[in-house]
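Survey of secondary and tertiary structure
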Amino acid sequence: MSTGLGLSEFLLSLLLSEGTMIAAALILIACIVVFIRCKGRRTLRTVCAVLGLCCAVYLLLMGIVIIICVGLHRFTEKIQIPSLLIFIGLGMCFGINGIFRIDFSNYEASEMICSVCLIFVMFYGGFGTSMREARPVAVQSFLLSTLGVAMTAGLVGVFVHLALGLEWTQSLLIGSVVASTDAASVFNILRSKKLNLKNNTASLLELESGSNDPVSYMLTIVMLSLMSGESISIPLLLFKQIAFGLLCGLLLGKISVWVLNNISIRMEQGETIFVFAMAILAYALAGQLEGNGYLSVYLCGILMGNSYLPKKRDLVRFFDVITNVAQMMIFFLMSAPPWGSVCGFFRRDALQFLSVHGMIKKVCPAEERKAWVVCIAAFAQLCVLSRPA
């Protein structure tokens, strides 16, 4: 589901997140202590060593996780299970409720990392979609990504209302959160297993998963608005999500194809760098216009993937690697935080996680029951969509 955040907002929110600020304060204190205790050239060297040590810890963890994921790939092929389950299992082992008990409680940073990773998953998913195979199922995909998502949200809401006894607005919020299928999961399973589904079912599922975000996003915002008592224009919200997503994706896709075929980029692997930048721009521009960034980047990928491009083989190799690493990060981070176990839920953590949209403080007063609604919604969002709302 699109967050609507631009690249500048991503960098700003990452810099201002609670975990980053605490880490920066600790590093600053350490530098001051070092500066007082040391003199001359040793000061600069020691400060650099402190900063390098902080970065090295995160890089060490990242490198270990990626190596383990690569090493377990052959194992997943033999037992015929999706590799994303291994990534989820690793996240649970490294998380606070797992074996290594590492605290991944900076939800804003996790949300931003997953959002950025999903940009490349969506782009490469569109890049590898064949319009010749997808065109016959375009109408069915549209119906599934609109009416199908709304029906799923309603059915899940009814079940939650009857099973848990929650209010209708709370139940429908949970239904809206889990209604859309996740593109990262769909692309990972269909393409890693090379499933030969009949009647263009694979193309149908890929198109639906890549285009269902606007409706799911709209339903979630509508439920949050109803719970907070705010007025919202549903047609305007849906129009912006779809219209600006389509416009930015098609426009930037056309521009990219024209540039790559008519302008010589005199730089080693310059075409690859250019496409990398255009994928980020397609997401960020649509987000700034209040459109759906993931729909934009998905359409941009479809347009470029079905056009003639020089050195397309290099692009495929590059984005294949980037997408694999992005999927590892998404599924690892989704299961690493404390909500990997329902018993690990806390109201403060859930509020901190969902406060990204700035509406949750109005939605969730102090009542414990509503706090559990937020916990369940956060858990379902990460487990089913593998990325924050």
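The notes below deal with the structure included here.

1. Side note on the overall build of the chain
Per the secondary structure count, the chain includes 19 helices and zero strands. Put simply, 77% of the contacts in the chain that link residues at least 6 apart link residues at least 24 apart. Of the roughly 19700 Å² that the chain leaves accessible, carbon and sulfur atoms contribute 70%.

2. Quick look at helix α9 (residues 168-178)
Most of α9 sits inside the fold, with eight of its 11 residues counted as buried. Every buried residue of α9 is listed here: Gln 170, Ser 171, Leu 173, Ile 174, Gly 175, Ser 176, Val 177 and Val 178.

3. Thoughts on the packing of helix α8 (residues 138-164) against helix α11 (residues 201-211)
Geometry of a packed helix pair, given as the angle between the helix axes and the separation of the axes. Axis separation between α8 and α11 bottoms out at 8 Å; the angle between their running directions is 45°. Compared by their axis directions, α8 and α11 come out oblique. The element α8 and its partner α11 pack so that their crossing is right-handed. Residues Ala 138, Gln 140, Ser 141, Leu 144, Ser 145 and Val 149 of α8 form the contact with α11, whose own contacting residues are Leu 204, Leu 207, Glu 208 and Ser 211.

4. Some thoughts on the side chain of Gln 327
As for its placement among the helices and strands, Gln 327 is situated in helix α16 (residues 312-335). Each residue touching Gln 327, except ones within four places of it in the same chain, is listed here: Phe 87, Val 121, Ala 184 and Asn 188.

5. Structural notes on the packing of aromatic side chains
Within this structure, the stated rule accounts for eight aromatic pairs. Measuring from centroid to centroid gives 6.5 Å for Tyr 124 and Phe 127, while their planes differ by 15°, and the two rings are stacked. Residue Tyr 124 and its partner Phe 127 are both found in helix α6 (residues 107-127); the two are separated by three residues, about one turn of the helix. For the pair Tyr 283 and Tyr 294, a centre-to-centre distance of 5.0 Å together with 40° between the ring planes defines the contact as tilted. On the criterion of sequence distance, the pair formed by Tyr 283 in helix α14 (residues 270-288) and Tyr 294 in helix α15 (residues 293-305) is long-range, its members being 11 residues apart.

6. A few points about the pattern of salt bridges
One pass over the structure, following the stated rule, counts three salt bridges. Close ionic contact of Glu 290 with Lys 240 constitutes a salt bridge, the shortest N to O distance being 3.0 Å. Of this pair, Glu 290 sits in the loop between α14 and α15 while Lys 240 sits in helix α13 (residues 234-262), and the two are 50 residues apart along the sequence. On the accessibility criterion, Glu 290 (47% relative accessible area) is partly exposed. Residue classification places Lys 240 among the partly exposed residues on the basis of a relative accessible area of 22%.

7. Considering the nonpolar core
Met 122, Phe 123, Met 304 and Phe 332 are the most contacted members of the largest nonpolar core, which has 56 residues in total. Setting aside residues up to four positions removed in sequence, Met 122 forms contacts with Ala 183, Phe 187, Gly 210, Tyr 294, Val 297 and Tyr 298. The next biggest cluster of nonpolar side chains, apart from the first, holds 16 residues, and it includes Leu 173, Tyr 217, Ile 221 and Val 222.

8. Let's talk about the environment of Gly 245
Structurally, the position occupied by Gly 245 is in helix α13. The spacing of Gly 245 and Gly 291 is 46 residues in sequence and 4.9 Å in space, taken between C-alpha atoms. Ignoring any residue separated from it by four or fewer positions in sequence, one finds Gly 245 in contact with Lys 240, Gly 291, Asn 292, Leu 295, Ser 296 and Leu 299.

9. A closer look at a nonpolar patch on the surface
The grouping of Val 139, Phe 142, Leu 143, Leu 147 and Met 151 at the surface amounts to a nonpolar patch, some 550 Å² of accessible area in total. Mapped onto the elements, Leu 147 comes out in helix α8.

10. Points about the packing of α9 against helix α12 (residues 213-228)
As a packed pair, α9 and α12 sit with axes 8 Å apart at the nearest point and diverge in direction by 160°. When the interaxial angle is binned, α9 and α12 end up roughly antiparallel. With respect to the hand of their crossing, α9 and α12 are arranged in left-handed fashion. Residues Thr 169, Gln 170, Leu 172, Leu 173, Ser 176 and Val 177 of α9 pack against Ser 216, Leu 219, Thr 220, Met 223, Leu 224 and Met 227 of α12.

11. Topic: unusual backbone geometry
Phi is positive for Gln 269, close to 55°, though the residue is something other than glycine. Even without glycine at this site, Glu 290 takes up a positive phi of about 65°.

12. Description of the state of the cysteines
Overall, the coordinates contain zero disulfides when judged by the stated rule. With no disulfide partner, Cys 114 has as its closest neighbouring cysteine sulfur the one in Cys 117, 6.4 Å distant.

13. Some thoughts on the environment of Phe 120
Inspection of the secondary structure assignment puts Phe 120 in helix α6. With 174 residues separating them along the chain, Phe 120 and Tyr 294 place their C-alpha atoms 9.6 Å apart. What Phe 120 contacts, discounting residues up to four positions off in sequence, is Phe 276, Ile 280, Phe 319, Ile 322 and Thr 323.

14. Things to note about α13
Between the first and last C-alpha of α13 there are 42 Å, a value that for 29 residues agrees with the 42 Å anticipated at 1.5 Å per step. Taken together, the buried positions of α13 are occupied by Leu 237, Gln 241, Gly 245, Cys 248, Gly 249, Leu 252, Gly 253, Ser 256, Val 257, Val 259 and Leu 260. On its buried side, α13 packs onto α12, α14 and α15.

Conventions and cut-offs
Residues numbered from 1 in each chain as written. Predicted model: local features only at pLDDT ≥ 70, side-chain atom pairs only at ≥ 80, totals over all residues. Heavy atoms only, no water. Helix = DSSP H or I, 4+ residues; strand = E, 2+ residues; numbered from the N terminus. Contact = heavy atoms within 4.5 Å. Areas by Shrake-Rupley, 256 points an atom, 1.4 Å probe, with all protein chains shown as cover. Buried < 20%, exposed > 50% of the residue type's maximum accessible area, 1.4 Å probe, protein only. Axes fitted to C-alpha atoms, helices over the stretch in contact; angles between N-to-C directions. Parallel < 35°, antiparallel > 145°, perpendicular 65-115°, else oblique. Left-handed = near helix turned anticlockwise from the far one by under 90°. Phe/Tyr/Trp six-rings, centres within 6.5 Å; stacked < 30°, edge-to-face > 60°. Salt bridge = Lys/Arg side-chain N within 4 Å of Asp/Glu carboxyl O. Core = buried A, V, L, I, M, F, W, Y, C linked by side-chain atoms within 4.5 Å. Patch = residues over 30% accessible without salt bridge, like charges linked within 9 Å, V, L, I, M, F, W, Y side chains within 5 Å. Disulfide = S-S within 2.5 Å. Expected span 1.5 Å × (residues − 1).

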